[in-house]
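# Examination of the molecular architecture
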Amino acid sequence: MTVVEEPVTSSSLYLEVQQFYARHMQLLDSGRAGEWAETFTEDAVFAPEHAPEPTVGRAALAAAVQRSHEKLVADGEVRRHWHGMVDVAPGPDGTLRVRCYALIVGTRVGGTPGLLMSCVCEDVMVRDGDGGLLVRERRVTKDGVAAPVLP
Amino acid sequence: MTVVEEPVTSSSLYLEVQQFYARHMQLLDSGRAGEWAETFTEDAVFAPEHAPEPTVGRAALAAAVQRSHEKLVADGEVRRHWHGMVDVAPGPDGTLRVRCYALIVGTRVGGTPGLLMSCVCEDVMVRDGDGGLLVRERRVTKDGVAAPVLP
Amino acid sequence: MTVVEEPVTSSSLYLEVQQFYARHMQLLDSGRAGEWAETFTEDAVFAPEHAPEPTVGRAALAAAVQRSHEKLVADGEVRRHWHGMVDVAPGPDGTLRVRCYALIVGTRVGGTPGLLMSCVCEDVMVRDGDGGLLVRERRVTKDGVAAPVLP
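About the cut-offs
Residues numbered from 1 in each chain as written. Chains lettered and ligands numbered in written order. Predicted model: local features only at pLDDT ≥ 70, side-chain atom pairs only at ≥ 80, totals over all residues. Heavy atoms only, no water. Contact = heavy atoms within 4.5 Å. Buried area = accessible area lost by both parts, 1.4 Å probe. Salt bridge = Lys/Arg side-chain N within 4 Å of Asp/Glu carboxyl O. Polar contact = N/O pair within 3.5 Å; in protein donor to acceptor, adjacent residues only side chain to side chain. Helix = DSSP H or I, 4+ residues; strand = E, 2+ residues; numbered from the N terminus. Nonpolar A, V, L, I, M, F, W, Y, C, P; charged D, E, K, R; others polar. Expected span 1.5 Å × (residues − 1). Buried < 20%, exposed > 50% of the residue type's maximum accessible area, 1.4 Å probe, protein only. Arc of directions from axis to C-beta. Pairing = 2+ DSSP bridges.

### Some points on the interface of chain A and chain B
Contacts between the two partners involve 35 residues from chain A and, on the opposite side, 40 residues from chain B. Of the roughly 3100 Å² buried between chain A and chain B, counting both surfaces, carbon and sulfur atoms make up 63%. In this structure, the salt-bridge partner of Arg23 of chain B is Asp87 of chain A, at a minimum N-O distance of 2.7 Å. At the junction of chain A with chain B, the criterion picks out 11 residue pairs in polar contact (both at pLDDT 80 or more). Elements with a minimum of two residues in the side of chain A that touches chain B: helix 1 (7-29), strand 3 (77-90), strand 4 (96-108) and strand 5 (114-127) of chain A. Residues of the side of chain A that touches chain B, tallied by class, amount to 24 nonpolar, eight polar and three charged.

### Here's the deal with helix 3 (residues 58-75) of chain A
Residues and elements named next belong to chain A. In a regular helix each residue adds 1.5 Å, so 18 residues correspond to 26 Å; helix 3 covers 26 Å between its end C-alpha atoms and thus fits that length. Burial in helix 3 covers these residues: Leu61, Ala62, Val65, His69 and Leu72. Around the axis of helix 3, the buried residues are gathered within 95° of arc, so they sit on the same side. Opposite its buried face, helix 3 presents the exposed residues Ala59, Arg67, Lys71 and Ala74, each directed more than 90 degrees away. A positive phi of about 70° marks Gly76, the residue just after helix 3.

### Points about the interface of chain A and chain C
At the junction of the two partners, chain A supplies 40 residues and chain C supplies 35 residues. At the surface where chain A touches chain C, the tally comes to two salt bridges. Those elements that place two or more of their residues in the side of chain A that touches chain C are helix 1, helix 3, strand 3, strand 4 and strand 5 of chain A. If you tally residues by element for the side of chain A that touches chain C, the top one is helix 1 of chain A, at 12 residues. Of the residues in the side of chain A that touches chain C, the class split is 14 nonpolar, 16 polar and 10 charged.

### A word on the sheet that holds strand 3 of chain A
All names here are of chain A. What the six strands build is an open sheet, ordered 2-1-6-5-4-3; its pairing is mixed. The open sheet is flanked by strand 2 (55-56) and strand 3, the only strands paired with a single partner. For strand 5 and strand 6 (residues 133-142), the ladder comprises nine bridges, and the chain directions are antiparallel. Its bridge partner being in strand 6, Met125 is matched across the sheet by Val135.

Spelled out as structure tokens, the structure:
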């Protein structure tokens, strides 16, 4: 088994994705909705399986996070999104396919942290004009919604 | 204190180990028992301290995961194995010694995620014929089994 | 958006920080107080917002961890500190500014793991004489202490 076919390139890519997610999630959890939306392409599709329909485009993504953050502030709750077990597969067309795990930890004022959600996150990432990464498609599968199956 | 003696090589190795664990754990949690077993050497030894005896060899590893996954499917439970705080030490003989933390998060259908286990995982990794990584030995120490001691 | 301005250098730095934190936290959780304190500068300032005052200097840091670890051993509790979502920003003066998330997982003998704390950790790191990394300043903000605000 060869884990990475082009080690040097993939090493650099792998790091870049990790650093990207760090900033991406810190923007999200800080409620910086507009800056967070700019880490997606203008026409990005965010599709959680447990949502009735996908959120499409930066404006809608920013508005959704703005609303969520206002509700969290009203509830006195801080949330932290963690990505881990990040598997990065560069595609032949310059896109990246990422499959990783996600956890959401929530803490209310005066309370103790709780594990709110465990998910699988599948991203398609592309390069913007400056060479930076942007998410073009995100599919989120929340654990506990569908029953697990044999492979 | 010098964290890495050969930064370039070690950087590449460190990434490769992270990417390896991502795929390794995603195979495990998907119940892809045979493919998961192939990320170990043919004669690998998997030794959780809390198990009565180690599991030895790919066939036994695959069979154990197959049984576990069938039980999880029957119970409607999804598990996610996270590795973190990964410390990689390359040995003079080309092996890698890894010591990291592991968490297991479990979610039943209709339920919320729970923290099932916290462990320390110690791996000895080697290269296969194609240059990819394989686990040759794994020792797992589960928190809460033995009382902590002064160092 | 350019995620990393100098990809090669930053890739190496990013890895070095991850490996540093792995060893740093494993020393902490093993109660190896003196070795842990040596991953800080001699005059380091460790300032958790929820503590009455910062801990300053290696000797005080080592003594604090020594006391904490003795209490944990007396209580039969193992703790694991996880860092994640690590955002590394190299400064013009050779320092690194890191902002990341931290989780503390605790397990008592015979018990199951619990999520004890969720934090944001902000480090200023510098190079020692051998080129290794040391923490010069650490600021920790514990979730649940202050109410979240709009950005």
